[in-house]
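Coordinate analysis (summary)
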Amino acid sequence: MAITPTFCRQFVMPRLETFRTAYPDIDLVLQVSIPLLDVTAEACDLEVRFGTGGTTDVEHRLMLEDAVTPMCSPARWTAGSAPRPATGCSSRCRRREHRAPGQ
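A brief look at the structure comes next. (Residues numbered from 1 in each chain as written. Predicted model: local features only at pLDDT ≥ 70, side-chain atom pairs only at ≥ 80, totals over all residues. Heavy atoms only, no water.)

1. Looking at the overall build of the chain
- Within the chain, the regular secondary structure consists of 2 helices and 3 strands.
- Per-residue burial for the chain yields a buried fraction of 11% across its 103 residues.
- The long-range share in the chain, meaning contacts at least 24 apart out of those at least 6 apart in sequence, stands at 54%.
- For the chain, the accessible area works out to roughly 9600 Å², and carbon and sulfur atoms hold 54% of it. (Helix = DSSP H or I, 4+ residues; strand = E, 2+ residues; numbered from the N terminus. Buried < 20%, exposed > 50% of the residue type's maximum accessible area, 1.4 Å probe, protein only. Contact = heavy atoms within 4.5 Å. Areas by Shrake-Rupley, 256 points an atom, 1.4 Å probe, with all protein chains shown as cover.)

2. Some points on the packing of aromatic side chains
- Taken as a whole, this structure holds 2 aromatic pairs when the rule is applied.
- Ring centres 4.8 Å apart and planes at 20 degrees place the aromatic pair Phe7 and Phe11 in the stacked group. Taken together, the residues Phe7 and Phe11, both in helix α1 (residues 5-22) and 4 residues apart, mark about one turn of the helix.
- On the basis of relative accessible area, Phe7 is assigned to the buried category, the value being 16%.
- A ring pair is formed by Phe19 and Tyr23, whose centres lie 5.1 Å apart and whose planes are at 40 degrees; its orientation type is tilted.
- Positioned over the ring face of Phe11 is Arg15, at 4.0 Å from the centre of the ring. (Phe/Tyr/Trp six-rings, centres within 6.5 Å; stacked < 30°, edge-to-face > 60°. Lys NZ or Arg CZ within 6 Å of the ring centre and 35° of its normal.)

3. Observations regarding the sheet that holds strand β3 (residues 47-48)
- If you trace the 3 strands from one edge of the open sheet to the other, you get β2-β1-β3, paired in parallel fashion. The strands lining the two open edges of the sheet, one partner per strand, are β2 (31-32) and β3.
- Bridging between strand β1 (residues 2-3) and β3 involves 2 bridges; their strand directions are parallel. Directly across from Ala2, in β3, lies its bridge partner Glu47. (Pairing = 2+ DSSP bridges.)

Below you can see the structure in the form of structure tokens.
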């Protein structure tokens, strides 16, 4: 199974012992790699990648959804050059005030 480092660390590794206990006959080999230009270092039976899907040359399934929150410092925001919403950004993108506890 080819997976990204973050997905391996945050999702796979905490569940690996449970998986191996439940399925002792499955020989699982993890190929942790950072995909660049959709290149896989070695042939594998399964790849778990971050993306929007829509690839026509492989079968793909949505496993998880992730929310993305763009942020910038208050100094950048008030300097008159606040970032503009990215193309395709949903209408939910808006300025939010985040303050550290006690501020």
